[in-house]
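Coordinate analysis (summary)
What follows is the residue order along each chain.
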Amino acid sequence: MALVIGVGNAMRGDDGLGAAVVDALSDHPGIETFAFDGDGIELMVLWQGRHHVVVVDATQSDKPAGTLQRFEAHEAELPQNLFRHSTHQFGVVEAVEMARVLGDFPDRLTVIGVEGADFTLGAGLSDAVKGALDDAVAEVLKACQP
């Protein structure tokens, strides 16, 4: 069974993407979901001993808001500056790469990001990210296939 971890703070605009994806998948059979807004060290604990993990998070780069990206982290390193909009010093990229170094890495780890536009405290999802939500959910479901 795949574990889907939605990373981010639902009270910070598009940073709530992960929680929105987890909400959309909460009743889906064969998938375990968890909304996560903690530190990367805790993220590593969540996937410890798991074989198949999908992490969903908002990204921040020069791409248009709503752009979906998928990374097979078990095959290659994540881009260092893509998942940088974290309230923690140790975020998704750091957790993935630390787990890789420690050898405590899921057999299959997919990271799905959607480019955010607005990370303002108290804001909801931007229109661009709302528009990409169904595509993000579909991409997660594809990633969860054996």
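The structure we're discussing is the one just above.
A brief structural summary. Values in this document were obtained by computation on a predicted structure and should not be read as measured data.

**Digging into the pairing of strand E5 (residues 108-115)**
- Most of E5 is tucked away, with seven of its eight residues classed as buried.
- With eight bridges joining them, strand E3 (residues 52-59) and E5 adopt parallel strand pairing. For Val55, the partnering residue across the bridge sits in E5 and is Val111.
- Judged from the five bridges that link them, strand E4 (residues 68-72) and E5 form a sheet pairing that is antiparallel. Its bridge partner lying in E5, Gln69 is registered against Gly113.

**Things to note about the nonpolar core**
- With 23 residues, the main nonpolar core has Trp47, Val92, Leu109 and Val111 as its most contacted residues.
- Among the elements of the structure, strand E1 (2-7), helix H2 (40-47), E3, helix H3 (92-102) and E5 are those that each provide at least two residues to this core.
- Counting residues per element, this core draws most heavily on H3, which supplies five residues.
- The next biggest cluster of nonpolar side chains, apart from the first, holds 20 residues, and it includes Leu17, Val56, Leu125 and Ala143.

**Focus: a nonpolar patch on the surface**
- Nonpolar side chains collect at one region of the surface, where Met98, Val101 and Leu102 lie side by side and expose about 310 Å² of accessible area between them.
- Tracing the backbone shows Leu102 in helix H3.

**Thoughts on H2**
- Looking only at H2, the buried set comprises Gly40, Leu43, Met44 and Trp47. Take H2 and look down its axis: the buried residues cluster within an arc of 100 degrees, on one side only.
- For H2, the capping residue at the N-terminal end is Asp39, with a side-chain oxygen 3.1 Å from the backbone nitrogen of Ile41.
- Trailing H2 by a residue or two, Gly49 shows a phi angle of about 80 degrees, which is positive.

**Observations regarding the pattern of salt bridges**
- Within the structure shown, the criterion is met by six salt bridges.
- Here Glu32 ties to Arg50 by a salt bridge, and the two come within 2.9 Å at their closest N and O atoms. Taken together, the residues span a long stretch of sequence, with Glu32 in strand E2 (residues 31-36) and Arg50 in the loop between H2 and E3 at a distance of 18 residues.
- Overall, the relative accessible area of 26% leaves Arg50 in the partly exposed class.
- Residues Lys142 and Glu139 are paired through a salt bridge, measuring 3.3 Å at the closest nitrogen-oxygen approach. Of this pair, Lys142 and Glu139 both sit in helix H4 (residues 127-143), separated by three residues, roughly a single helical turn.
- Classification of Glu139 as buried rests on a relative accessible area of 13%.
- When salt bridges with common partners are traced through the structure, they connect Arg70, Glu72, Glu139 and Lys142 into a single cluster.

Calculation notes
- Residues numbered from 1 in each chain as written.
- Predicted model: local features only at pLDDT ≥ 70, side-chain atom pairs only at ≥ 80, totals over all residues.
- Heavy atoms only, no water.
- Buried < 20%, exposed > 50% of the residue type's maximum accessible area, 1.4 Å probe, protein only.
- Helix = DSSP H or I, 4+ residues; strand = E, 2+ residues; numbered from the N terminus.
- Pairing = 2+ DSSP bridges.
- Core = buried A, V, L, I, M, F, W, Y, C linked by side-chain atoms within 4.5 Å.
- Patch = residues over 30% accessible without salt bridge, like charges linked within 9 Å, V, L, I, M, F, W, Y side chains within 5 Å.
- Areas by Shrake-Rupley, 256 points an atom, 1.4 Å probe, with all protein chains shown as cover.
- Salt bridge = Lys/Arg side-chain N within 4 Å of Asp/Glu carboxyl O.
- Arc of directions from axis to C-beta.
- Polar contact = N/O pair within 3.5 Å; in protein donor to acceptor, adjacent residues only side chain to side chain.

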